Amino acid sequence: MIVARAIADVRAALADRRRGRIGLVPTMGALHDGHLALLAAARASCETVVMSLFVNPAQFGEPGDLNGYPRDEARDLAHAEASGVDVVFAPSAAEMYPPGYQTWVEVTELGSMLEGRHRPGHFRGVATICLKLFTIVRPDLAFYGQKDAQQIEVLRRMVADLHLELELVVVPTVRDPDGLALSSRNTRLTPEERDRALALPRALAARDAETARAILEAAGLEIDYVEVAPFDPPTLAAAVRVGSTRLIDNVPLEEEL
Ligand code: AMP
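Everything in this summary refers to the structure shown in the same document. In this text, all values refer to a predicted model and were calculated from it rather than measured experimentally.

Rules of the game
Residues numbered from 1 in each chain as written. Predicted model: local features only at pLDDT ≥ 70, side-chain atom pairs only at ≥ 80, totals over all residues. Heavy atoms only, no water. Salt bridge = Lys/Arg side-chain N within 4 Å of Asp/Glu carboxyl O. Helix = DSSP H or I, 4+ residues; strand = E, 2+ residues; numbered from the N terminus. Buried < 20%, exposed > 50% of the residue type's maximum accessible area, 1.4 Å probe, protein only. Phe/Tyr/Trp six-rings, centres within 6.5 Å; stacked < 30°, edge-to-face > 60°. Lys NZ or Arg CZ within 6 Å of the ring centre and 35° of its normal. Near = heavy atom within 4 Å. Polar contact = N/O pair within 3.5 Å; in protein donor to acceptor, adjacent residues only side chain to side chain. Areas by Shrake-Rupley, 256 points an atom, 1.4 Å probe, with all protein chains shown as cover. Pairing = 2+ DSSP bridges.

## Quick notes on the pattern of salt bridges
No. 1: For the coordinates displayed, the defined rule picks out 18 salt bridges.
No. 2: With a shortest N-O distance of 3.3 Å, Arg241 and Asp224 are connected by a salt bridge. Here Arg241 is found in strand β8 (residues 235-242), whereas its partner Asp224 is found in strand β7 (residues 222-229), with 17 residues between them in sequence.
No. 3: For Arg241, a relative accessible area of 25% gives the class partly exposed.
No. 4: When salt bridges with common partners are traced through the structure, they connect Asp65, Glu115, Arg119, Arg185, Arg188, Asp224, Arg241 and Arg246 into a single cluster.

Listed below in C-alpha cells is the structure:
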C-alpha cells in the first residue's frame, strides 16, 4: 500500500493504473465499520482503491469540533491496509489549502438547508474538498455513506452541474446492534449519553416527522431539526445534541409521502 502525502505523488502512483476502474473513498479517518463498508464496496468493484485521509478544516464550524476530532493515523493505515486499499492519500492542510487559497464551490440551495442551516459553510467545505479530490484522483467511482444523506445530495448536484465524469456510489448506513449509526463522534459520548442517543434511531424508525419529534423530545434530546428532506428518495433526517455531541441520522422513505 502506497501512502502519498503530496498531490504529485498520488498522481504518480495512479498514472499506470488508469486502465482499470479507480474507486475513491474519502474519509476523515478515525475509521470504523461504516468506513470499512465503503472500502469493501470499492474493493469489490474497482481494480484500484484510493482512500483519502484528511480532516478538512474548511468543513468545520466550531474550532473545538475540529481540534477535538479524533485522529489516529497509524490505526487508520492498518485498517486501510487490511481492507486492501492500494493508495492512501493523506495530505497536510497546507498541501490542500496553500497560502493564497481562495476558490470555493457552493451548491446554493441543497447546501443551505437542514445541516447547511445549522452549520453555515459546512457544505461549501465538503463540496470544495470533494471536487479537489476528484480532480487529483480522477476516480471512476466515489463511495459515500447514506449516513450523510445531504452530503450525497449536494455532491450529486455538483457532479451534474459541473459535468464531472464519475459515478457516486451510496453505501447503506452501518449501525451498532442497538441501532445507533456508527460515527467517529460516538467516542465522545458518555455511557449515559449513548443510552439517550438511542432515541435517535428509534425516532427515525417511526418514519414520520411528528412522531419522531415527539420521541426525541420525550428522551430529552435537543433537536436541531427533524424533517422529511426533499432528497431522492425523500428522507426523514434529524440532527440532535446529546450533551456536547451533535449526532445526525436519517432513514430514506422509499415511497413518496
Ligand atoms: P467521515 O470520515 O465522517 O467524513 O466519513 C467518511 C465516509 O464514511 C462518508 O461518506 C460517510 O457518509 C461514511 N460513513 C460515516 N459513517 C457511516 C456509517 N455509519 N455507515 C456508512 N457510512 C458511513
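Having put the structure on the table, let's press on.
## Focus: the packing of aromatic side chains
No. 1: Taken as a whole and assessed by the stated rule, the structure comprises five aromatic pairs.
No. 2: On the basis of an interplanar angle of 80° and a centroid distance of 5.6 Å, the ring pair of Phe60 and Tyr69 is categorised as edge-to-face. Tyr69 matches Phe60 in its accessibility class, with the two residues each being buried.
No. 3: For the pair Tyr101 and Trp104, a centre-to-centre distance of 5.3 Å together with 80° between the ring planes defines the contact as edge-to-face.
No. 4: What links up through ring pairs into an aromatic cluster is the set Phe54, Tyr97, Tyr101 and Trp104.
No. 5: For Arg124, the ring lying beneath its charged end belongs to Trp104, and the centroid distance is 4.4 Å.
No. 6: The ring of Tyr97 is capped by Lys132, whose NZ or CZ atom sits 5.4 Å from the centre of that ring.

## A short note on the site of the ligand
No. 1: Near the ligand you find 17 residues, and of these Met28, His35, Asp148, Val174 and Leu182 are the closest.
No. 2: Contact distances for the ligand include 2.9 Å between an oxygen atom and a backbone N or O atom of Met28.
No. 3: At 2.9 Å from an oxygen atom of the ligand is found a side-chain nitrogen or oxygen belonging to His35.
No. 4: Coverage of the ligand by the protein amounts to 92% of the 490 Å² it exposes when considered alone.

## Re the pairing of β7
No. 1: Sheet analysis places β7 next to β8, joined by seven bridges and oriented antiparallel. Residue Val226 lies in a different strand from β8, and its bridge partner there is Ala238.

The analysis is restricted to geometry; functional conclusions fall outside its scope.
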